[in-house]
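Each chain, letter by letter, is given below.
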Amino acid sequence: MKIATWNINGIKARHDNLIAWLKEAQPDIACLQEIKSVDENFPRDEIEGLGYNLETHGQKGFNGVALLSKLPFDEVNRGLPLRDCDNEDEQARFIEGVFTVGEKPLRVVSLYLPNGNPVDTEKFTYKLQWMERLIDWAKERLALEEALILAGDYNVIPMPEDCHDPKTWEGDALFRPESRSLFRQLCNLGFTDALRNTNDAPQTYTFWDYQAGAWQRNNGIRIDHLLFSAEAADMLKGVNVDKHTRDWEKPSDHVPVWAEIG
DNA sequence: ATGTCATCGCGTCGATGA
């Protein structure tokens, strides 16, 4: 089966591209980010018409995540749990679905990690705190020893080779040592970076800015990641990036990344 | 590192976020 992640940068603006891609790629589960829609306004009809169950966690204007699945949802959880010291988290960036595959649970998360720029503001501390909360949550889930996939837009460039020109990213929240360190800490809990472990092609990117001809110059970054628990990694067959969608009319600035498991 | 894009607010553009 096929599990995909795609930051669509607005469901209203990207609906037709999403439908075209669903027909073409036929993922069994798709994790979407930046739906930029409240749940009530999310256009469900055509997606459900293609045979998908759909769960959204949206908010007005920005952020928002969704899960599409041909399998029925056994369970859905919205939002990353807060810590005692946190204020209320109103940003919709996390949704978890539980499915049954071969009589075993498969947990899939669609996450949209905060961008964190500019770094001299509370946006950066919010990003780092969000990552710490994600690590705490992941520790608990990994203790279940189930197949778990954390998919989404992490807004983290893990390694210098994950961007066209590391010098231009120095100091950016996506490439700051603190962000990269927390991403490593998350991985080191026992996750496999599915793309990195199945594809060593250089310049494998998942995002190209709309500005300055970034796509035409292949000035991209790899920030969309699929992290697999050991039980999920045992099922991993391969990973691909649907780069061609960046050339479509009215493209998202991100492209889908998907894993084949079985 | 800015040659863009999506959304909101009630205003046909400016602010915001990425």
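Here the structure is a predicted model, which is why all the values come from computation and not from measurement.

Q: Where do I start with the sheet that holds strand β2 (residues 29-33) in this structure?
A: Backbone hydrogen bonds hold the strands of a sheet together, and the pairing may be parallel or antiparallel. Across the sheet, six strands lie side by side as β3-β4-β2-β1-β14-β13; this open sheet has mixed pairing. This sheet does not close on itself; its edge strands, each paired only once, are β3 (53-57) and β13 (236-241). Neighbour-to-neighbour, the strand axes of this sheet turn through a mean angle of 15 degrees, independent of strand direction. By the bridge criterion, five bridges tie strand β1 (residues 2-7) to β2 in an arrangement that is parallel. Across the sheet, residue Ala 4 finds its bridge partner in β2, namely Ala 30.

Q: Explanation requested: the nonpolar core in the structure shown.
A: As a rule of thumb, soluble globular proteins bury nonpolar side chains together. Counting residues in hydrophobic clusters, the biggest one holds 66 residues, and the most contacted among them are Ile 3, Leu 32, Val 65, Val 108, Ile 149 and Leu 226. If near-sequence neighbours (up to four positions away) are discounted, Val 65 is found in contact with Leu 32, Gln 33, Ile 35, His 57, Ala 92, Arg 93, Phe 94, Ile 95, Ser 110, Leu 111 and Tyr 112.

Q: Looking at this structure, how should I read the sheet that holds strand β8 (residues 147-153)?
A: Judged by pairing direction, the sheet is mixed, and its six strands sit side by side in the order β5-β6-β7-β8-β12-β9 without closing on themselves. Bordering the open sheet on either side are β5 (75-78) and β9 (192-193), each of which pairs with just one other strand. Bridge count between strand β7 (residues 104-112) and β8: seven bridges; the pairing is parallel. From the neighbouring strand, Leu 111 faces β8, where its bridge partner is Gly 152.

Q: For this particular structure, what's the right way to read the protein's contact with DNA strand B?
A: Around DNA strand B lies a shell of 20 residues, among which Gly 10, Lys 12, Gly 61, Tyr 210 and Gln 211 are the nearest. Taken together, the residues of the surface near DNA strand B break down into six nonpolar, eight polar and six charged.

Q: I tried to follow the pairing of strand β6 (residues 94-101) on my own but got confused; where do I start?
A: Regular strands have side chains that alternate between both faces of the sheet. Both β5 and β6 contribute to a ladder of four bridges, which runs antiparallel. Note that in β6 the partner of Arg 78 across the bridge is Ile 95. Bridging between β6 and β7 involves eight bridges; their strand directions are antiparallel. Across the sheet, the residue bridging to Val 101 is Lys 104, located in β7. Here β6 folds back onto β7 in antiparallel fashion, the turn holding two residues, of which Gly 102 has a positive phi close to 60 degrees.

Q: It is not clear to me how the environment of Tyr 210 should be interpreted in this structure. Could you clarify?
A: On the secondary structure map, Tyr 210 appears in the loop between β10 (207-208) and β11 (220-221). Given 11 C-beta atoms within a 10 Å radius, Tyr 210 is considered exposed. The sequence separation of Tyr 210 and Ser 110 amounts to 100 residues, and the corresponding C-alpha distance is 23 Å.

Procedures and definitions
- Residues numbered from 1 in each chain as written.
- Chains lettered and ligands numbered in written order.
- Predicted model: local features only at pLDDT ≥ 70, side-chain atom pairs only at ≥ 80, totals over all residues.
- Pairing = 2+ DSSP bridges.
- Helix = DSSP H or I, 4+ residues; strand = E, 2+ residues; numbered from the N terminus.
- Axes fitted to C-alpha atoms, helices over the stretch in contact; angles between N-to-C directions.
- Core = buried A, V, L, I, M, F, W, Y, C linked by C-beta atoms within 7 Å.
- Buried ≥ 20, exposed ≤ 12 C-beta atoms within 10 Å, placed from the backbone.
- Contact = placed C-beta atoms within 7 Å.
- Near = placed C-beta within 6 Å.
- Nonpolar A, V, L, I, M, F, W, Y, C, P; charged D, E, K, R; others polar.

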